[in-house]
Amino acid sequence: MSEWGDGTRVVHSVPAVAGEPFGSSPVFASAYHLGGSDTYGRPHNATWRALEAALGALDGGEAVLFPSGMAAISTVLRVLLAPGDTVVVPSDGYYLTRTLVAEMPVKVVEVPTAGPYPSFEGVRLVLLESPSNPGLDVCDIAALAERAHAGGALVAVDNTTATPLGQRPLELGADIVVSSDTKAVAGHSDVLLGHVSTADAGLAEKVRAARTVGGAIPGPFEAWLAHRGLGTLDLRLARQAENAAALYAVLKDHPAVRGLRWPGAVEDPAHEVARRQMRRFGGVLTFELASAEAVAGFVERSELVAASTSFGGLHTTLDRRAQWGDPVPEGLVRMSAGCEDTADLVADVLKALDHPEG
Ligand SMILES: *Cc1c(COP(=O)(O)O)cnc(C)c1O
């Protein structure tokens, strides 16, 4: 299976069995008739198992499903960190991760994704996010994993922006992958879900046990929807990346746009490292317009770009991050290129930008 291409792998993550429907129906049981291996809905669900097998195979480890990306991240932190431990987190990564560790009885060291990174001596866990959300900076996962391991630390990578098809942190030396599958993995802006993957069977068991005790379990219907979405991940990412590349080409010299970032662009400062460690680039770009008003005007004039937080869906969306408290300029936006026709999207974005007050 691992020799197959991405498209084949995600399509066939839904097994086709002779005489059976394509893809099994969701199992909603809270309690089971005893006699099989499933007893109760908090530890046991066949619909989760199917998606965990699919995501684990793509990540190269064992996956444990959670009801959101934050549930996955908070469970990993709870399992790995004891009071007084030191954790390294990205200063420019997903903001709720910083909110979460700030509330824990641990020492927090914030480092920008692009570095420089301090010594990892005495650190318990290094949490990386590459590409980072919203700045799309990239760090060298393999080099940092080697340094962290030499210092005695474990390495977790938030792989949300890349997806399991875009990057395999476990192969690069990370111990743990965390992901918000709410974004491109489920991909249709209708599900919250997350997962943890690790090649360490003992650690996977601890994370699974923490889920059972903590009670942060995913809904079977959400797992089923995400598994259905996963089947088209290769197709969706391909179109999104094509659209992002076309948008990059017209935005890079546009007078209304500053600070354009997309790791897939040869000119991007992160491209060199990104090209080495990523298998493909996604559809998320970041750039700056003059002000919050300029962003509002752009969205108003566009017919195709919707103001919306989150990313990775079918629709092209744009999110002004300062409104959520990210420490970024007022006009900074993260744009998630959707699956629209490239020519339509480029024409719409240029029209919305070309307004005299734009
Ligand atoms: C969205 C996001 C999360 C949180 O995921 P939820 O599914 O919303 O809980 C974590 N990390 C990154 C990088 C994200 O983009």
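It should be noted that the structure appears before, not after, this text.
What this report covers is the structure whose coordinates are included nearby. Bear in mind the structure is a predicted one, so any value in this text is a computation, not a measurement.

1. Re the packing of aromatic side chains
Each aromatic ring pair is described using two quantities: the centre-to-centre distance and the angle formed by the ring planes.
Now for step 1: In the structure shown here, the tally under the stated rule is five aromatic pairs.
Now for step 2: When the centroid spacing of 6.2 Å and the interplanar angle of 55° are considered together, the rings of tyrosine 117 and phenylalanine 120 count as tilted.
Now for step 3: Given the relative accessible area of 3%, phenylalanine 120 is considered buried.
Now for step 4: Summarising the aromatic geometry, the rings of tyrosine 248 and tryptophan 262 are spaced 6.4 Å apart at their centres and angled 45° between planes, so their arrangement reads as tilted. Residue tyrosine 248 is found in helix α8 (residues 233-251), and its partner tryptophan 262 is found in the loop between β8 (258-261) and α9 (271-277); the two are separated by 14 residues along the sequence.
Now for step 5: According to the relative accessible area criterion, tyrosine 248 is buried, its value standing at 8%.
Now for step 6: Taken together, the ring pairs in this structure connect Tyr248, Trp262 and Phe281 into an aromatic cluster.
Now for step 7: A cation over an aromatic ring shows up here: lysine 183 above the ring of tyrosine 94, its NZ or CZ 5.4 Å from the ring centre.

2. So, the pattern of salt bridges
Now for step 1: Following the criterion strictly, the structure yields 20 salt bridges and no others.
Now for step 2: Across the pair arginine 211 and glutamate 52 runs a salt bridge, and its minimum N-O distance is 2.9 Å. Remark: glutamate 52 occurs in helix α2 (residues 46-59) and arginine 211 occurs in helix α6 (residues 201-214); sequence separation between them is 159 residues.
Now for step 3: Given a relative accessible area of 1%, arginine 211 falls into the buried group.

3. Quick word on unusual backbone geometry
Now for step 1: The linkage connecting glycine 115 with the following residue, proline 116, adopts the cis geometry, with an omega of 0°.
Now for step 2: Tracing the chain through its elements places proline 116 in the loop between β3 (107-111) and β4 (125-129).
Now for step 3: A cis amide bond links asparagine 133 to the next residue, proline 134, at an omega of 15°.
Now for step 4: Its location among the elements puts proline 134 in the loop between β4 and α5 (141-150).
Now for step 5: Even without being glycine, leucine 136 reaches a positive phi, approximately 60°.
Now for step 6: In this fold, leucine 136 is placed in the loop between β4 and α5.
Now for step 7: Of the residues examined, leucine 136 reaches a relative accessible area of 2% and is grouped as buried.
Now for step 8: Residue serine 310 is not a glycine yet carries a positive backbone phi of 70°.
Now for step 9: Take serine 310: it is sitting in the loop between β10 (306-307) and β11 (317-320).

4. Concerning the sheet that holds strand β2 (residues 86-90)
Strands belonging to one sheet form pairs held by backbone hydrogen bonds; the direction of such a pair is parallel or antiparallel.
Now for step 1: A sheet is described by the order of its strands in space; here seven strands give the open sequence β1-β7-β6-β5-β4-β2-β3, paired in mixed fashion. A strand with exactly one partner marks an edge of an open sheet, and here the two such strands are β1 (62-66) and β3. Here the average twist between neighbouring strands, direction ignored, is 20°.
Now for step 2: In terms of strand pairing, β4 meets strand β5 (residues 154-158) through five bridges, oriented parallel. Counted as the bridge partner of valine 126 is valine 155 from β5.
Now for step 3: The sheet contacts of α2 involve β1, β6 (176-180) and β7 (194-198), and relative to β1 the element is tilted by about 130°.
Now for step 4: Across the sheet, α5 is in contact with β4 and β5; its angle to β5 comes to roughly 150°.

5. Observations concerning the pairing of β3
Now for step 1: Two strands pair when backbone bridges link them, and β2 and β3 are joined in this way by five bridges, in the parallel orientation. Pairing of proline 90 across the sheet is with valine 111, part of β3.
Now for step 2: Note that the unit made of β2, helix α4 (residues 95-102) and β3 has a crossover that is right-handed.

Rules used throughout
Residues numbered from 1 in each chain as written. Predicted model: local features only at pLDDT ≥ 70, side-chain atom pairs only at ≥ 80, totals over all residues. Heavy atoms only, no water. Phe/Tyr/Trp six-rings, centres within 6.5 Å; stacked < 30°, edge-to-face > 60°. Buried < 20%, exposed > 50% of the residue type's maximum accessible area, 1.4 Å probe, protein only. Helix = DSSP H or I, 4+ residues; strand = E, 2+ residues; numbered from the N terminus. Lys NZ or Arg CZ within 6 Å of the ring centre and 35° of its normal. Salt bridge = Lys/Arg side-chain N within 4 Å of Asp/Glu carboxyl O. Pairing = 2+ DSSP bridges. Axes fitted to C-alpha atoms, helices over the stretch in contact; angles between N-to-C directions. Contact = heavy atoms within 4.5 Å. Right-handed = clockwise from strand over helix to strand, strands pointing away.

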